[in-house]
Amino acid sequence: MLNAAVRWTAAVLGLLLALVPAVHAEADTTTGLGNAVCPDAELLGPKLITDICWSCLFPLRIAGAPIGSGPVPSGASTQALCACPDPAGLPSPGVVIGMWERARIVELVRVPGCLPALNGARLDLGAWRTLGTPGQATYDGSDKAFYNYHYYAFPLLVMLDLFFPDRCNVDHLTDFDLLYLSELDPTCDNDELAFFTNPEAAFVANPVAQAACLVDAASATRVQKPLDELFLCAGAWDGLYPFTGRVPTLNGRPSEMSLAGARVLAALHRRGLARQTVGDDALCEAPFALMLPKTQYRLSQFYPRPEANSNHVIGESELRWGLGRNVPGIGEDHLYLIWRWHDCCLTWL
């Protein structure tokens, strides 16, 4: 009798184990649980045309003359003519052009290795310590959210062969490409470890410094002009430091996701992996900018609810742009297009 019971139990366990792979396969291939775990943002498809703010490209400046209307960074070049050294080192004359270009993508996800920008593909980068959370859950006990992030090159004007001269492609990036995975960065989920990559955080971690962010929040929200001088602030979203994927959950989901995206840009600038493209200093080359030039960037949500007709500056209150832009369940991972103002000297030779 005992042997029969053992054989029956083993048979049942074997049947259950045989069914487990099928259950996981069904979850990954259907539009239900599989998409809720790692959604497809449908970036590479018709939404590439319909869900992007094409009017946000303007104004286009050529020799100081604007084409179209729209916001311009306060530090943008106002010159009409310029000169840059040619390959022989001799100055080559040209005209100054300036525009908003769609240059990068930042996606913020809970599941490590999830790539919504690449049709919901999954990389084997999983670990419990890098599992994200929106924070303030019943069994979480945390007042902070945590997201993994992925940083892509997205030179859309170059990819579509639209108006963007080769001379102005300072990154020399011509395709959609994955540049950075936070799962491989040990500072992403550790505030203490991140401190050693940006020790100036000790200077800004006090109430007086954080109170200055109220001025930045007012400027970013009322006139869409964040203050580059307040490098420690992300306006109404909270402080930029520390440069990790852990963000406070005080201002609403769109704000915390945008703050996480701004911290990505700030961290990459601090490490010399992102450059300055605005102003007279950037006409011939893209110099290092170790502190985030906030006025250089604008963001627009692509997934789950696209900002197809506008974009927003760093620190702008979500009351102006973020209402209804979080979809519970399948829309809790976000994808942002990063707009970058680009001043360039278009030489004649």
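The structure we're discussing is the one just above.
Fair warning: this is a prediction, and the values are worked out from it, not measured in the lab.

1. Some thoughts on the overall build of the chain
Item 1. Scanning the chain from N- to C-terminus turns up nine helices and 13 strands.
Item 2. Evaluated residue by residue, the chain yields a buried proportion of 49% over its 349 residues.
Item 3. When the accessible surface of the chain is totalled, it reaches about 16,600 Å², and 63% of it is carbon and sulfur.

2. With respect to the pairing of strand 8 (residues 148–153)
Item 1. Burial runs high along strand 8: six of the six residues are buried.
Item 2. Looking at chain direction, strand 4 (residues 91–109) and strand 8 are connected through six bridges and run antiparallel. Counted as the bridge partner of Arg104 is Ala153 from strand 8.
Item 3. Looking at chain direction, strand 8 and strand 9 (residues 177–181) are connected through four bridges and run antiparallel. Its bridge partner being in strand 9, Ala153 is matched across the sheet by Asp177.

3. Considerations on the nonpolar core
Item 1. Leu108, Leu232, Leu240 and Ile314 are the most contacted members of the largest nonpolar core, which totals 39 residues.
Item 2. Those elements that place two or more of their residues in this core are strand 4, strand 7 (144–146), strand 8, helix 6 (201–204), helix 9 (253–270), strand 11 (297–303) and strand 13 (334–347).
Item 3. If you tally residues by element for this core, the top one is helix 9, at nine residues.
Item 4. When residues no more than four places from it in sequence are discounted, the contact partners of Leu240 are Phe231, Leu232, Cys233, Ala234, Ala262, Arg263, Ala266 and Leu292.

4. Some thoughts on the state of the cysteines
Item 1. Overall, the coordinates contain six disulfides when judged by the stated rule.
Item 2. Each sulfur in the disulfide pair Cys53 and Cys56 lies 2.1 Å from the other. With the S-S bond torsion at 80°, the cross-link from Cys53 to Cys56 turns out right-handed.
Item 3. Note on Cys53: relative accessible area 0%, which makes it buried.
Item 4. Paired by a disulfide, Cys213 and Cys233 hold their sulfur atoms 2.1 Å apart. Its torsion about the S-S bond being -80°, the disulfide of Cys213 and Cys233 is classed as left-handed. Note that Cys213 is positioned in helix 8 (residues 213–222) and Cys233 in the loop between helix 8 and strand 10 (246–248), a separation of 20 residues in sequence.

5. Quick notes on the environment of Ser69
Item 1. Along the polypeptide, Ser69 turns up in the loop between strand 2 (65–67) and strand 3 (81–85).
Item 2. The exposure class of Ser69 is exposed, given its relative accessible area of 65%.
Item 3. A C-alpha to C-alpha distance of 9.1 Å links Ser69 and Ser55, two positions 14 residues apart in sequence.
Item 4. With residues near it in sequence (within four places) discarded, Ser69 still touches Phe58 and Pro59.

6. What to know about the packing of aromatic side chains
Item 1. Under the defined criterion, the tally for this structure stands at eight aromatic pairs.
Item 2. Relative to Phe176, the ring of Tyr152 lies with its centre 5.2 Å away and its plane at 25°, an arrangement referred to as stacked. Of this pair, Tyr152 sits in strand 8 while Phe176 sits in the loop between helix 4 (156–159) and strand 9, and the two are 24 residues apart along the sequence. No difference in accessibility class separates Tyr152 from Phe176, as the two residues are buried.
Item 3. Measuring from centroid to centroid gives 6.5 Å for Trp237 and Trp321, while their planes differ by 70°, and the two rings are edge-to-face. One end of the pair, Trp237, is in the loop between helix 8 and strand 10; the other, Trp321, is in the loop between strand 12 (312–313) and strand 13, and 84 residues separate them in sequence.
Item 4. Three or more aromatic residues link up through ring pairs in this structure, and these residues are Tyr152, Phe154 and Phe176.
Item 5. A cation over an aromatic ring shows up here: Arg275 above the ring of Phe288, its NZ or CZ 3.9 Å from the ring centre.

7. Notes on helix 8
Item 1. Among the residues of helix 8, Cys213, Asp216, Ala217, Ser219, Ala220 and Thr221 are the ones counted as buried.
Item 2. Where helix 8 is buried, its residues contact helix 7 (207–211) and strand 12.
Item 3. Count one or two residues on from helix 8 and you reach Gln224, which has phi positive near 55°.

Reading guide: rules and limits
- Residues numbered from 1 in each chain as written.
- Predicted model: local features only at pLDDT ≥ 70, side-chain atom pairs only at ≥ 80, totals over all residues.
- Heavy atoms only, no water.
- Helix = DSSP H or I, 4+ residues; strand = E, 2+ residues; numbered from the N terminus.
- Buried < 20%, exposed > 50% of the residue type's maximum accessible area, 1.4 Å probe, protein only.
- Areas by Shrake-Rupley, 256 points an atom, 1.4 Å probe, with all protein chains shown as cover.
- Pairing = 2+ DSSP bridges.
- Core = buried A, V, L, I, M, F, W, Y, C linked by side-chain atoms within 4.5 Å.
- Contact = heavy atoms within 4.5 Å.
- Disulfide = S-S within 2.5 Å.
- Phe/Tyr/Trp six-rings, centres within 6.5 Å; stacked < 30°, edge-to-face > 60°.
- Lys NZ or Arg CZ within 6 Å of the ring centre and 35° of its normal.

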